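# Remarks on the overall topology
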Amino acid sequence: MPFDSKSLNYNDAGLIPAIAQDHVTGEVLMMAWMNLQSVEITLQTGHVTYWSRSRAALWAKGATSGNVQMLKELRVDCDRDCLLMQVEQTGPACHTDRRSCFYTVITPAEETIVMNPVK
């Protein structure tokens, strides 16, 4: 069945959350937002492109840092309101130079940083 990116359930701002996961290890790397255009660009080029809410612009992951994400597989959840991308990550995924943006463990008593920057 053909895929239509308009069939996704975007929020009122026209965005959908997208989780990037390493296609080999399964490690969750980051979460960012996509809009209709960024979904279509990602599917057409294979280079993961997000929507930057702070810049209000398309954001090709790694365009300035070199830490690119290449799409290996795109999945949608059962409600069609969240995307899971299997990616090939070059360099750190997080802007803090960590492999993953999920580097802080939270317990009822404290939070602990469990991953150091790569660089």
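Residues numbered from 1 in each chain as written. Predicted model: local features only at pLDDT ≥ 70, side-chain atom pairs only at ≥ 80, totals over all residues. Heavy atoms only, no water.

The next point concerns the overall build of the protein chain. For the protein chain, the count of helices and strands is one helix and eight strands. Helices (α) and strands (β) of the protein chain occur, in sequence order from the N terminus, as β-β-α-β-β-β-β-β-β. Compactness check: the protein chain gives a C-alpha radius of gyration of 15 Å against a globular reference of 14 Å for 119 residues, within 12% of the reference. The principal-axis extent of the C-alpha atoms belonging to the protein chain is close to 45 × 35 × 30 Å. The buried share among the 119 residues of the protein chain stands at 34%. Summarising the internal contacts of the protein chain: among those between residues at least 6 apart in sequence, 39% fall at separations of at least 24. (Helix = DSSP H or I, 4+ residues; strand = E, 2+ residues; numbered from the N terminus. Rg over C-alpha atoms; globule rule 2.2 N^0.38 Å. Buried < 20%, exposed > 50% of the residue type's maximum accessible area, 1.4 Å probe, protein only. Contact = heavy atoms within 4.5 Å.)

Counting 16 residues, the largest nonpolar core has Met30, Met34, Tyr50, Leu83 and Met85 as the members making the most contacts within it. Of all elements in the fold, only β1 (16-22), β2 (28-34) and β6 (83-89) reach the threshold of two or more residues within this core. Ranked by residues supplied to this core, first place goes to β2 with four residues. Setting aside residues up to four positions removed in sequence, Met34 forms contacts with Tyr10, Gly14, Leu15, Ile16, Ala18, Val39, Thr42, Thr49, Tyr50, Trp51, Leu83 and Met85. (Core = buried A, V, L, I, M, F, W, Y, C linked by side-chain atoms within 4.5 Å.)

Using the criterion set out here, one finds one aromatic pair in the structure. Ring centres 5.1 Å apart and planes at 40° place the aromatic pair Tyr50 and Trp59 in the tilted group. You can call Trp59 partly exposed: its relative accessible area is 25%. One cation-aromatic arrangement involves Arg98 over Tyr103; the distance from NZ or CZ to the ring centre is 3.9 Å. (Phe/Tyr/Trp six-rings, centres within 6.5 Å; stacked < 30°, edge-to-face > 60°. Lys NZ or Arg CZ within 6 Å of the ring centre and 35° of its normal.)

What you tend to see is this: most non-glycine residues have negative phi, and most peptide bonds are trans. At Ala56, a position not held by glycine, the phi torsion is positive, near 50°. With respect to the helices and strands, Ala56 occurs in the loop between β3 (49-52) and β4 (57-60). In this structure, Arg80 takes a positive phi of about 60° despite not being glycine. Examined against the element boundaries, Arg80 turns out to sit in the loop between β5 (69-76) and β6.

Further remarks concern the pairing of β6. The element β6 is largely enclosed, with a buried count of five among its seven residues. When β5 meets β6, the two strands line up antiparallel, connected through seven bridges. What sits directly across from Val76, in β6, is Leu83. (Pairing = 2+ DSSP bridges.)

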